[in-house]
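Here are the chains, one letter per residue:
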Amino acid sequence: MRGSRRRRFSPRYAETSPTIFLLLRRMRAPLIVLIVIFSVSVLGLTMIPGQDAAGQPTRMSFFDAFYFMSYTATTIGYGELPHPFTGAQRLWVMATIYLTVIGWAYAIGSLLSLLQDRTLRQAIALRRFSRTVTRLREPFLLLAGYGQTGRILGRALDSLGHRLVVLDLQAERVDALDIDAYHADVPGLVGDAADPRTLDFAGLNHPRCEGVLALTDNDEVNLVVAMTAALIRPGLPVIARTVSPAIEHRMQAFGSPAVVNPFDRFGDHVRLALHAPASYQLMSWLVGGPGAELPEPVRMPTAGRWVICGYGRFGRKVVEDLRADDLEVTIIDLGEHEDEPAVIEGDASDPAVLRQARPGEAVGFVAGTDNDTTNLSLVAAARRVNPGLFVAARQNRPASAPLFEAAGVDWVVVPAEVVAREIYAQLSTPLLWRFLQEMPGRGDAWAKRLLDRLQAHCGSRLGSVWKSTLSDAETPALGPWLQRGHARLGDLLRSPRDRDRPVAAVPLLVLRGDGAVLGPDDDERLAAGDQILFVGSPASRRALTDTMTNRAVSEYVLYDRTVPAGWLWQRVTRRFPHAG
């Protein structure tokens, strides 16, 4: 059947052939020169007559001539052989010496020039990279795009023990991998992620590749990466970044990639912060990762007029979400927008244009252009007119972070961080992502109570976030307890040191089949196969692990019974932990 056999690109052939053929092509002329000089020199020595020890004329054999030129041309020099040379032979040898010096100088110069050639260095780097990826024996994620988002996410995933393979078009970003403090070596390749062959080099077909992250600054490239992964590796998890709804729709046509649009996410965050500030505070804290400080509550004005500077993709999404909450919006933008007649056309940094928007009568102000200098100047101008204005600003470059902090912006929007945090939540603990998706529906009062509970157990700094599955493999000490049919979550959360005190851990979610219980209380019944999402200190995680895996500890925590801890002592006393 035609087309039934799929040909796969072979990285092993591609990794060797460019280097070898490039070397042969560039060194062809120097090698030919050396071969010609060597051949002429050997031929001349065989044709020029010499004398033996008796003074009889003789000629060198080809072997003797070749041997003599071998140690002479390489500057080793063993002397004349097999007999002292005549004057004619010495004249010929002198000529060949200068010729070989010239030939070697030409060849060495060509070789040094070739070593500085960008094409050769890329070929060597490609071969080294491909061999490194081929030899990987641990699961890894293919990260296409190592900009601000990729760097933030790479460090976070590395702290969780995920191996990475990085692909980026800019050499300086790949070079930065050598100085970034990763726990494991991260192979990096300078290449175009839109080229399927480059993705193949980066390990897309590698059996240990467990997912692809398309995080470049170009939406079209991210689309190609998602499309290539869906066609070459169907079923492989793909997470892609985009700011275009049209590109997002096209991505969804190839498999089911997880698409993250930072502008859409910010709009969702705006609406959440407007209606449920405690829910937004809880979400921001949990996606911050272990060690994150509890963010300050965001109190956004819920009544009054907003001024939006910049009506690109970011500004449009903000306007859409503010209007969805029946808030009045005034827009300032340089371009003409036929679909939005209420836009004030002009440069918002121009005082005359800004006065038309009347920021002194507004309650909120958003500086949402793609230029950090412009956004900072807009913030300063608006604050000068109305010091009590709630100000949100878009930060585009990492280097601008100290300036936005010094400007006292109420809400700084960093699209790269929005994407990185969401992807981190999806990859680090899938149950956390499920919790974040369903948490807003529980209401702000519920989120406030859970925040207070987390603070009481963890303080103001977020601890570890982990998942435990109640199974014989992961929690062998809980089997008899779960089989009794009335296992309570509160009993599991007792401390192994003093069962009258709880461990410093808070269960966020209990997943049973397709159903999820958010913020379960102590009376929640547990069953075998349940998955529990915890937040707590590292010490509390170790304590819960002991309870779940050590039968002696579980007997004390669950039943207040002390049993022999060691296997040998249990055998001697014939006492074994039991379900009671």
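Right above here is the structure, for reference.
Keep in mind the model is a prediction, meaning the values are calculated, not measured. (Residues numbered from 1 in each chain as written. Predicted model: local features only at pLDDT ≥ 70, side-chain atom pairs only at ≥ 80, totals over all residues. Heavy atoms only, no water.)

Participant: How should the pattern of salt bridges be read in this particular structure?
Facilitator: Opposite charge on two side chains lets them pair, provided their charged atoms get close. Per the stated rule, a full pass over the model turns up 23 salt bridges. In this structure, Glu293 and Arg461 form a salt bridge, with 2.5 Å as the shortest nitrogen-oxygen distance. One end of the pair, Glu293, is in the loop between helix H12 (277-286) and strand E9 (305-309); the other, Arg461, is in the loop between helix H19 (444-458) and strand E15 (464-469), and 168 residues separate them in sequence. Taking relative accessible area as the criterion, Glu293 reaches 42% and is therefore assigned partly exposed. Take Arg461: its relative accessible area is 46%, and that puts it in the partly exposed class. (Salt bridge = Lys/Arg side-chain N within 4 Å of Asp/Glu carboxyl O. Helix = DSSP H or I, 4+ residues; strand = E, 2+ residues; numbered from the N terminus. Buried < 20%, exposed > 50% of the residue type's maximum accessible area, 1.4 Å probe, protein only.)

Participant: Sorry if this is basic, but what is going on with the sheet that holds strand E20 (residues 531-536) here?
Facilitator: Across a sheet, paired strands are connected by hydrogen bonds in the backbone, their directions being either parallel or antiparallel. Judged by pairing direction, the sheet is antiparallel, and its four strands sit side by side in the order E15-E20-E17-E18 without closing on themselves. In this open sheet, the two strands that pair with only one neighbour each are E15 and strand E18 (515-518). For this sheet the average axis-to-axis angle between neighbouring strands, irrespective of direction, equals 20°. Of the pairings in the sheet, the one linking strand E17 (residues 505-512) to E18 comprises four bridges and is antiparallel in character. Looking across to E18, one finds that Leu511 is bridged to Ala516. Along the sheet, H19 contacts E17, E18 and E20; its crossing angle with E17, the most-contacted strand, is approximately 130°. (Pairing = 2+ DSSP bridges. Axes fitted to C-alpha atoms, helices over the stretch in contact; angles between N-to-C directions. Contact = heavy atoms within 4.5 Å.)

Participant: What is the right way to look at the environment of Ser495 in this model?
Facilitator: Tracing the backbone through its elements, the reader meets Ser495 in the loop between helix H21 (489-492) and E17. Residue classification places Ser495 among the buried positions, given a relative accessible area of 14%. What Ser495 contacts, discounting residues up to four positions off in sequence, is Arg501, Pro502, Val503, Tyr556 and Val557.

Interpretation in functional terms is not warranted from these geometric data alone.
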